[in-house]
Structure formats: structure tokens, C-alpha cells
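Here is how the chains run, residue by residue.
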Amino acid sequence: MLQDYHPDLGNNNQYIKQLSDKLEQIETVKQIYDTERRTWRSRLIVALVSGCMAGVLSTVYFILHPIRPAFRLWFFHLGSAPMHLEHTVPFATPFLVALFTISAAMVATLLYRIVKKDFAA
């Protein structure tokens, strides 16, 4: 039964040409993917380094210069406003550190993109 089976294999040259074209397309896509991956990695490294530096510097700054309530005016001495300010200031410090760290990382990443002339969105 299998001795009589001789399928038509077609033109070998055309098949090889189509196969090589598909392989070239795959190589092109791989190169594009690799460049995108390198670009994103470099952006993440810049954001990580600048964010870490900003976080450490702002943490050291807030440790050396703690935030004190500066609203000790005469009308704050009435009621519980000074007590409320003194209780909320310790929670504001980590928020300010995080805000400064994130904004520094974003600015550094944008500046890195400008310097590298990477305007792809």
C-alpha cells in the first residue's frame, strides 16, 4: 500500500525560497525585539538608579532635618489644630520621600530618553 504512494512534492527551489524568506522575517522581528528589550532595560536601570539615589538622599535629609509644624500662629493655639499637625507630620515624611523619589526617577528617565534621542513612544 505504501509502495504505490508517491505524493507530489512540488518545486523544491520555490519551497526553499519561501522558507528562507520566512526565516529572514523572523530574524528581523527578533532584532527589533532585542533592541526594544535593551531600550526598556536601560530605561529601567536609569529609573532604578536615580530613584534609589533620590530616595537615599531625601531620607537622609529628612532624618537630619525633620519636618516640624511651622503653623504655630496665634489662631492655631485655640482648639486641637496644633495637636493634629504634630500627629500628621510623621506620616507626611515617607510620603514626601516617595514623591521625591518617583519624580526624580521619572525626570531622569525622560532626560535619558532625550540624551539618547529615543523619541519612540
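These numbers come from a predicted model, not from an experiment.

A. Spatial organisation of the overall build of the protein chain. Within the protein chain one finds 2 helices and 0 strands. Each of the 121 residues in the protein chain was classed as buried or not, and the buried ones make up 13%. Taking contacts inside the protein chain between residues at least 6 apart in sequence as the whole, the part at least 24 apart equals 74%. With the model as given, the accessible surface of the protein chain reaches about 10700 Å², and the carbon-plus-sulfur share is 70%.

B. Quick peek at helix 1 (residues 12–64). Between its terminal C-alpha atoms helix 1 stretches 77 Å, which fits the 78 Å expected from 53 residues at 1.5 Å a residue. Every buried residue belonging to helix 1 is among Arg 43, Ser 50, Gly 51, Ala 54, Gly 55, Ser 58 and Phe 62, and all of these are buried.

C. The side chain of Ser 58, seen in detail. Within the fold, Ser 58 resides in helix 1. A polar contact of 2.8 Å, which involves the side chain of Ser 58, links it to the backbone oxygen of Ala 54.

D. Layout of the pattern of salt bridges. Enumeration over the complete set of coordinates arrives at 2 salt bridges. Measuring nitrogen to oxygen at the nearest pair gives 3.6 Å for the salt bridge that ties Asp 21 to Lys 17. Here Asp 21 and its partner Lys 17 are both found in helix 1, 4 residues apart, which amounts to about one turn of the helix. Overall, Asp 21 belongs to the partly exposed group, its relative accessible area being 32%. Assessed through its relative accessible area of 53%, Lys 17 is described here as exposed. Measuring nitrogen to oxygen at the nearest pair gives 3.8 Å for the salt bridge that ties Lys 30 to Glu 27. Of this pair, Lys 30 and Glu 27 are both found in helix 1, 3 residues apart, which corresponds to roughly one turn of the helix. Using a relative accessible area of 46% as the deciding quantity, one classes Lys 30 as partly exposed.

E. A look at the packing of aromatic side chains. Counted under the stated rule, the structure contains 0 aromatic pairs. The aromatic ring of Trp 40 is capped on one face by Arg 43, whose charged end is 4.7 Å from the ring centroid.

Cut-offs and rules
- Residues numbered from 1 in each chain as written.
- Predicted model: local features only at pLDDT ≥ 70, side-chain atom pairs only at ≥ 80, totals over all residues.
- Heavy atoms only, no water.
- Helix = DSSP H or I, 4+ residues; strand = E, 2+ residues; numbered from the N terminus.
- Buried < 20%, exposed > 50% of the residue type's maximum accessible area, 1.4 Å probe, protein only.
- Contact = heavy atoms within 4.5 Å.
- Areas by Shrake-Rupley, 256 points an atom, 1.4 Å probe, with all protein chains shown as cover.
- Expected span 1.5 Å × (residues − 1).
- Polar contact = N/O pair within 3.5 Å; in protein donor to acceptor, adjacent residues only side chain to side chain.
- Salt bridge = Lys/Arg side-chain N within 4 Å of Asp/Glu carboxyl O.
- Phe/Tyr/Trp six-rings, centres within 6.5 Å; stacked < 30°, edge-to-face > 60°.
- Lys NZ or Arg CZ within 6 Å of the ring centre and 35° of its normal.

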